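So the chains spell out like this:
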Amino acid sequence: MLTDACNHAPHDTSPPSGNAMTHDFDHDPPHRNRGDDASRQVDLFDKSPPPWELVAAEETAIARVVFSQSPHGPYDYAIPDAIRSHIQPGSRVRVPLGRRRGGTMGWCIHVDMAGKSRHKLREISELLDEEPLCDPALVRLVLWIAHYYQAPAGQVFDTLIPSSVRSSAGTKQKTYFRADPKDLTEEIVAGLSPKQQAVARMLLAANAPMTAAQISIQVGCTEDPIRRLHKKGLLSSERRREQNSGMTTRWQINDGEAEKTHHLTDSQSDALKQINQAVESEKTKVMLLHGVTGSGKTEVYIRAIEHLVKFGRGAIVLVPEISLTPQTRGRFERRFDSVAVLHSQMTPAERHFQWQRIRSGEVQVVIGPRSAVFAPLPKLGLIIIDEEHDGSFKQDTQPRYHARKVAIARANSLGIPVLLGSATPSLESWHATRTGHAERLSLPDRVRDRAMPDVQLVDMRIKDDRTVGAISRPLHQAVQETIHENGQCILLLNRRGFATTIQCPSCGHVVACPDCDMPLTHHRDGGKAMCHYCDFCIATPPWCPACRFDGIRYGGLGTQKLEVEVKARFPNANVARMDSDTMRRPGSHQKVLSAFRSGKIDILLGTQMIAKGLDFPNVLLVGVINADSALHFPDFRAAERTFQLVTQVAGRTGRGDRGGRVIVQTYSPEHPAIQAASRHDYIGFAEDELVNRKKYNYPPWGSVARIIIRGTEEETTERIAEELVGRIEATRDLLKHEIRILGPAPPPIARLRGKFRFHALLQCPESGPLGETIRRACQDFRIPEKDDVQYVVDIDPMDML
DNA sequence: AGCACGCCGACT
DNA sequence: GTCGGCGTGCTC
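Quantities reported herein were computed from a predicted structural model and do not represent experimental measurements. (Residues numbered from 1 in each chain as written. Chains lettered and ligands numbered in written order. Predicted model: local features only at pLDDT ≥ 70, side-chain atom pairs only at ≥ 80, totals over all residues. Heavy atoms only, no water.)

Student: Can you walk me through the overall build of chain A in this structure?
Tutor: The helix and strand inventory of chain A stands at 22 helices and 31 strands. Going through the 801 residues of chain A one by one, you find that 54% of them count as buried. Long-range pairs, those at least 24 residues apart, make up 76% of the contacts in chain A with a sequence separation of at least 6. Taken as a whole, chain A presents about 36000 Å² of accessible surface, with 48% of it coming from carbon and sulfur. (Helix = DSSP H or I, 4+ residues; strand = E, 2+ residues; numbered from the N terminus. Buried < 20%, exposed > 50% of the residue type's maximum accessible area, 1.4 Å probe, protein only. Contact = heavy atoms within 4.5 Å. Areas by Shrake-Rupley, 256 points an atom, 1.4 Å probe, with all protein chains shown as cover.)

Student: So what exactly am I meant to see when it comes to the packing of helix α18 (residues 638–650) against helix α20 (residues 682–696) here?
Tutor: Helix packing geometry: the angle between the two helix axes and the distance between the axes. Between α18 and α20, whose axes approach to 11 Å, the crossing angle comes to 170 degrees. Classed by the angle they form, the pair α18 and α20 counts as roughly antiparallel. Only Tyr682, Phe685, Glu689 and Arg693 of α20 make contact with α18, whose side of the interface consists of Ala639, Glu640 and Phe643. Across the contact of α18 with α20, the residue classes break down as four nonpolar, no polar and three charged. (Axes fitted to C-alpha atoms, helices over the stretch in contact; angles between N-to-C directions. Parallel < 35°, antiparallel > 145°, perpendicular 65-115°, else oblique. Nonpolar A, V, L, I, M, F, W, Y, C, P; charged D, E, K, R; others polar.)

Student: I keep staring at the protein's contact with DNA strand B and nothing clicks. Help me out?
Tutor: Every residue near DNA strand B is listed here: Ser70, Pro71, Arg99 and Arg100. A share of 42% of the atoms of DNA strand B within 4 Å of the protein falls on sugar and phosphate groups. Note that a base nitrogen of DNA strand B is positioned 3.4 Å from one of the backbone N or O atoms of Ser70. For DNA strand B, a base nitrogen lies 3.3 Å from a polar atom in the side chain of Arg100. (Near = heavy atom within 4 Å. Polar contact = N/O pair within 3.5 Å; in protein donor to acceptor, adjacent residues only side chain to side chain.)

Student: Teacher, can you tell me more about the UniProt feature "binding site: Zn(2+) 1" (unreviewed entry) in chain A here?
Tutor: On the UniProt side, "binding site: Zn(2+) 1" (unreviewed entry) is annotated at positions that read Cys504, Cys507, Cys544 and Cys547 here. Of the residues just listed, which span 44 residues, no C-alpha pair is farther apart than 8.5 Å, and they cluster in one region. Relative to the assigned elements, Cys504 resides in the loop between β18 (501–503) and β19 (521–523). Owing to a relative accessible area of 2%, Cys504 belongs among the buried residues under this scheme. Residues in contact with Cys504, not counting those within four places in the same chain, are His509, Cys544, Cys547, Phe549 and Ile552. Structurally, Cys544 can be placed in the loop between β21 (537–539) and β22 (553–555). Judged by its relative accessible area of 0%, Cys544 falls in the buried class. With residues up to four places along the chain from it excluded, the contact list for Cys544 reads Cys504, Cys507, His509, Phe549 and Ile552. (UniProt positions renumbered as here; feature names shortened; annotations may be inferred.)

Structure representation (structure tokens):
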């Protein structure tokens, strides 16, 4: 499902100093020892008040504060003496703002103990946390993200610090009572009421602070006598924040079951040596571990972390959203004493608990999806991004950051290395190794001398190879043989649902989503017609809604329909389907995978979630039902995605002693991406594709930004889109920057959730001028509320939909 | 995002 | 004359 979180406004809390970023891998901001950037740079845009308003500048302690809701600031506040020694960048504060009652929560981004201000400043009303939730390095990272991705800094703070941490989920403020023998002499105790005496005696005997609840149970009274004693000043109290008793979190403790450590191959040892050197050098360095599927990248990660743990350092391992298999998790948990696994299904209390564990420094390894790049390890020594090419590392809501880029920025500010791993690196990372921004480490062979699987292309245009349905004759035969040999099959089809179009054969009407204009997908379970771009869902109409014709036709192929076909073709095989429909319940993922591992399932079919990371030695056949599905997207990354998908799913076979083979069905067998994938030729593909991208100055050669404008009224939306793009043109000409502007035009998804959409693509050889131009153009661009139009800026977009 | 200001039309 | 629509601007 696509989301389109809007309401962009230009925000520049702190432009980084120094050189503009040119490419993904330029180590520029946020650099160490540049603490004063914020105040100095913001002045550039300060509209100075007219001279008669100038008040004599006096020295005061000033805090610069940003907000996660509008207005985002930054605003300056006077720091009251009481909190002067505690407030730091990263502290949360409550401040007065406008006429709002109760004040507003904000984040302090800068403090100046001897600042001067032209305005009369209001005072901070309260410091909300004893210890800042964000250390200075993370504050620098926030400001860098806010600048680069053009998001309000306050909103970036909210992304960095989980809401469960901000609200202290799973903890409670408890009051503890203590009895002091000096106050409660025998004499005084004797004069109390019987219940109060009992309470006093018990507490004196216990000689430890207890909560009212504990005391009342122990003594067998209500809480009233305790309160009375406290009121008389005979009991002292203290308040503490504590973990709730209801916490269900258990984390795996190393049970001593040693994982068999394999001997490293020569190339694994070489790579490890380089990584260890980089870690010890305490310098920033980006390394790309390019290892074919099954070459043992995870083992290299583990060894590298084992090494840095010896120095008391910790590591972050980022993994794609859905590929955090219990397998991977288990491997790390067996090899390290203290692992924190972050995942999307955690409860708020659990998340908060893990965050505190990580911050306390007891955690050696953090494993998680893109947001784990913000994990607050106090002694971070290495950031690893596994499957670094994966699209889920880019967030598709504001702030639209890419975890790879953020990881490099964070590593840069700490002076630590970043390790990117993939069998099919993103062209950005590949290009970085060619320009010296990253070092390439190769694992060219699979472990234990296993060969890469043979890949056979089946040309679906040739009628002879195509029987009725989605499965060609060669693939049918291969599945049959595999099952006969007691092997297992994986079939990939990158579309869920049953039928991708519902069309009337009489009048040609296609049932479409009223909010998005996209054809609805028929889901057979429950007979629903669903929009895959929004939540729209209706019962599949039995007649044509346009002409009442009784005989509507289901066209196109989804995983549900494939499942039906596979079951019909191979009635004796056990078939399981894996897509986001069958994997809705937590744990279902693991259930299917363990059934597959144990051999209870012969054929596993599904969407791309089966293409990643699975390691099952008995998979002898992988079938790709339609390799072209991603190829004809109106998107400069279409070829790259196709190559990645085919290569990754092909890598799921040939992992045991019995070898493996791959059958790829395609309507364009001559396409370079599909050809290269069939030869396992990443380098050939990458070099070829780099030439293509160069022709149009697409990434990694140049920088791209996309502006999406959406609104309820088509003409108004288009008018505002044109106005905005016009401003960008004017700003570009003013600044004399080399920027190509395409659009505004309707994107492939021209309507989404009932809103009309327009977009514009901006290209520039360097990201710095591009960002500057957009920032300047959007600076004072206001849209009247009545127009109901919003816009978002997407820096380094991953798709053009 | 709220909230005030101020400028116009419709009304007791 | 006053009430109230909403367009515009400000919040350190």
